[in-house]
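So you can see what is in the structure, the chains are spelled out below.
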Amino acid sequence: MDTLGLQFNSVSRILLLTIFSILSINTSASTVPQELLRGFKATPNPSISSFQPLVRDSTGNYSLGFLRVNKDQLNLVVLHIQSSEQLWSAKTARLPRWADPTQLFFNGSLVLSDPHTGVLWSTHTDGDRVLLSNSSNLQIQKLDGVTVEWQSFDFPSDTLVENQNFTSAMTLVSSNGLYSMRLGSNFIGFYAKFNPSTDPGQIYLKHKALEAKAAVVIGQGPIRVILMSDGYLGMFQTGSTPVDVQSFNSFQQNVSGIRRVRIEPDGNLKGYFWTGLSWIVDYQAISDPCELPSSCGAYGLCRPGKGCSCLDNRTEPISGGCVSPENHISGDLCSAYDNKYKVLRRSGVELPYKELMGYRKMESIKQCENACEMNCTCWGAVYSNSSGFCYILDYPMQTLVAVGDETKMGYFKLREGVGKKKVNAWLGLGLGLLFGAILILGGVVGLGWYRLRNRGVKGYAEEEGIGVGPYKDLGAASFRSIELCEK
């Protein structure tokens, strides 16, 4: 009976704590305003460890506020409150500090700034109020409630939500900045920015409109993409008939929760729906991990159905790939600092997106290798003996796919470790200082020995009456005679 009583009390306490937490959250949410007017100002609260809400929608599902990042920095974001999932973020050149000098204010424009660097982000508007809609769209409005001067749906970060228009003027960018989604004339393109100097980067997935129900007509305007409530990603040009439909697993099913799609840090586009407790993956643009642009990281090898290994067969892949990050920083391999590299060769490999890459026709793998070897911006080449296609890569090698055809070969440059160079530099400096110290010490000892030797001989000569130097063969009387003559 005592045990049952203890269990009952424990369960009661947990239940009461849960109810108290829910009531606290609701009470806190109720204190957050539903609009911001001119004159609004806010600074980061040092006592808050995660998210500081500033304005919410009328349902309490979404909130705009400060999200704490890296302990002492912040980002201005729109969150889905129940899951703390980030749906939108302000694009700043750098993250501001979580400190009093940083402030968000509304003077017709919503502005994020600090006194040291000035304005970090602004809507550049002349509105009257800030509102967050029930669909998570942040808006700057006039008081007439009709005129929208700015909205976050026109400036997406990495996520699209239901009924949000995605146009050819917009770009989705993954949170790590490596991957992006853009629209072409009749396709959705996904790009990898492995070389920072290229824009938009290497295309690794191209989904062209199937045009089953409607055709893309040249001259009738650009296409747009909308995440539909029925569970599909629709591509439209004019009217309401889609030119392409990418259906989700829950297509045309009764799903009560909200939907979203996001370009992930691995370059995949995934669709989700909210169950009320969690987000369920409902769609993947790339289902095979080996077809992702860099599923095993830099200089990795993806074996279909078997996972990851490394191109050199000697190292095990770790987070980020098979080499240290400083060894696959893109750049000119012919510069004075970066001109040292070693070569990796591997047969039975191909690029996961070779169909979307440019190539040259070559007679042999040797010719393909030579074309890369003499090119300062070439980091590798993949050659197919059967087709004679030579694919030249202007960025450090990412993941390749293992294939059974040994006539598909790769030649890759791997920059020698920057860390090793630093160690060697410090070692050289240390040895230089050591040798310098030895030389100085040797000079001091030699000078001291020379002085001691001279003083010792002269002193001995004076004591014994023996000549020194040009007078070494004269006796004591001769020395005295000379001295008398000088006087």
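Presented here is a report on the structure given in the accompanying data block. This is a predicted model, so every value here is computed, not measured.

1. Considering the overall build of the protein chain
Scanning the protein chain for helices and strands turns up four helices and 33 strands. Here the protein chain holds 487 residues, and 41% of them are scored as buried. Look at the contacts in the protein chain between residues 6 or more apart in sequence, and 49% of them connect residues 24 or more apart. For the protein chain, the exposed surface amounts to about 26,800 Å²; the carbon and sulfur share of it is 56%.

2. As for helix α2 (residues 365-373)
For α2, the complete set of buried residues consists of Cys368, Glu369, Ala371 and Cys372. On an axial view of α2, the arc spanned by its buried residues comes to 160 degrees, and they lie on one face. Against the buried residues of α2 lie β27 (341-347), β29 (360-361), β30 (380-384), β31 (389-393) and β33 (408-415).

3. Describing the pattern of salt bridges
Going through the model one piece at a time under the given rule, you end up with 16 salt bridges. The salt bridge involving Arg182 is made with Asp199; its shortest N-O contact spans 3.4 Å. Placement of the pair is Arg182 in strand β16 (residues 179-183) and Asp199 in the loop between β17 (187-192) and β18 (202-208), with a sequence separation of 17 residues. On the basis of relative accessibility, which here comes to 24%, the residue Arg182 falls in the partly exposed class. When its relative accessible area of 58% is taken as the criterion, Asp199 is described as exposed.

4. Observations concerning the state of the cysteines
Under the counting rule described, the total for this entry stands at five disulfides. The disulfide bridge from Cys290 ends at Cys302, spanning 2.0 Å between sulfur atoms. Taking the torsion about the sulfur-sulfur bond, which here is approximately -80 degrees, the covalent link between Cys290 and Cys302 counts as left-handed. Placement of Cys290 in the loop between β24 (279-284) and β25 (300-303) and of Cys302 in strand β25 is noted, with a sequence separation of 12 residues between them. Considered together, Cys290 and Cys302 belong to a single accessibility category, that of buried residues.

5. Notes on the side chain of Thr123
Relative to the assigned elements, Thr123 resides in the loop between β9 (118-122) and β10 (129-132). A polar contact is formed between the side chain of Thr123 and the backbone nitrogen of Leu110, at a distance of 3.0 Å. Among the polar contacts made by the side chain of Thr123, one reaches the side chain of Thr125 at a distance of 2.9 Å. The contact partners of Thr123, leaving out residues within four places of it in the chain, are Ser109, Leu110, Ile140 and Trp150.

6. With respect to the pairing of strand β6 (residues 85-89)
Of all five residues that make up β6, four are buried, and the element is covered over most of its length. Here strand β5 (residues 73-80) runs beside β6; their pairing, made up of four bridges, is antiparallel. For His80, the partnering residue across the bridge sits in β6 and is Glu85. With antiparallel pairing between neighbouring strands as the criterion, β5 and β6 make up a hairpin whose turn holds four residues, including Ser84 at a positive phi of roughly 60 degrees.

7. Digging into the pairing of β16
Most of β16 is tucked away, with four of its five residues classed as buried. Looking at chain direction, strand β15 (residues 172-173) and β16 are connected through two bridges and run antiparallel. The residue bridging Leu172 from the neighbouring strand is Met181, located in β16. Where β16 hands over to β17, the hairpin turn is made up of three residues, counted between the paired strands.

8. Notes on the environment of Lys206
As for its placement among the helices and strands, Lys206 is situated in strand β18. The spatial distance from the C-alpha of Lys206 to the C-alpha of Arg182 is 9.9 Å, given a sequence separation of 24 residues. Excluding residues that lie within four positions of it along the chain, Lys206 makes contacts with Phe187, Ile188 and Leu356.

9. Let's talk about the sheet that holds strand β19 (residues 224-228)
Here four strands make up an open sheet; going across it, the order is β14-β19-β20-β21 and the pairing antiparallel. Two strands close off the open sheet at either side, each with one partner strand: β14 (165-167) and β21 (244-247). Sheet twist, expressed as the average angle between the axes of neighbouring strands with direction ignored, equals 20 degrees.

10. Observations concerning the sheet that holds β17
Across the sheet, four strands lie side by side as β15-β16-β17-β18; this open sheet has antiparallel pairing. Of all the strands in the sheet, just β15 and β18 have a single pairing partner and so form its edges.

11. What to know about unusual backbone geometry
For the bond running from Asp199 to Pro200, omega is 5 degrees, close enough to zero to count as cis. Mapped onto the fold, Pro200 is located in the loop between β17 and β18. Positive phi, close to 60 degrees, is recorded for Ser84, a residue that is not glycine. A residue is classified by how much of its surface remains accessible, and Ser84, at 54% relative accessible area, is exposed. You will see that Gln252, though not glycine, has its phi angle at about 60 degrees, which is positive. The residue Gln252 is located in the loop between β21 and β22 (259-263) in this model.

12. Focus on the nonpolar core
Nonpolar side chains tend to gather and get buried jointly when the protein is soluble and globular. In this structure, Met181 and Tyr299 are the most contacted members of the largest nonpolar core, which totals 50 residues. Formed by 27 residues, the second largest nonpolar core is a distinct cluster that contains Phe40, Leu74, Val130 and Trp150.

13. Some details on the packing of aromatic side chains
Geometrically, a pair of aromatic rings is defined through the distance of the ring centres and the angle of the planes. Under the counting rule described, the total for this entry stands at 15 aromatic pairs. Ring centres of Phe248 and Tyr283 lie 4.7 Å apart, and the angle between their planes is 20 degrees; this geometry places the pair in the stacked category. In this pair, Phe248 is assigned in the loop between β21 and β22 and Tyr283 in strand β24, connecting sequence segments 35 residues apart. Pair check on accessibility: Phe248 and Tyr283 agree, each one buried. Centroid distance Tyr359 to Tyr391: 5.9 Å. Interplanar angle 65 degrees. Geometry classified as edge-to-face. Of this pair, Tyr359 sits in the loop between β28 (349-350) and β29 while Tyr391 is found in strand β31, placing the two residues 32 residues apart along the sequence. An aromatic cluster is present here, built from Tyr179, Phe190, Phe194, Tyr204 and Tyr395 joined pairwise through their rings. Lys206 extends its terminal NZ or CZ atom over the ring of Phe187, reaching a point 4.5 Å from the ring centre. The lysine or arginine in question, Arg260, covers the ring of Trp279, its NZ or CZ lying 4.3 Å from the ring centre.

The rules behind each value
Residues numbered from 1 in each chain as written. Predicted model: local features only at pLDDT ≥ 70, side-chain atom pairs only at ≥ 80, totals over all residues. Heavy atoms only, no water. Helix = DSSP H or I, 4+ residues; strand = E, 2+ residues; numbered from the N terminus. Buried < 20%, exposed > 50% of the residue type's maximum accessible area, 1.4 Å probe, protein only. Contact = heavy atoms within 4.5 Å. Areas by Shrake-Rupley, 256 points an atom, 1.4 Å probe, with all protein chains shown as cover. Arc of directions from axis to C-beta. Salt bridge = Lys/Arg side-chain N within 4 Å of Asp/Glu carboxyl O. Disulfide = S-S within 2.5 Å. Polar contact = N/O pair within 3.5 Å; in protein donor to acceptor, adjacent residues only side chain to side chain. Pairing = 2+ DSSP bridges. Axes fitted to C-alpha atoms, helices over the stretch in contact; angles between N-to-C directions. Core = buried A, V, L, I, M, F, W, Y, C linked by side-chain atoms within 4.5 Å. Phe/Tyr/Trp six-rings, centres within 6.5 Å; stacked < 30°, edge-to-face > 60°. Lys NZ or Arg CZ within 6 Å of the ring centre and 35° of its normal.

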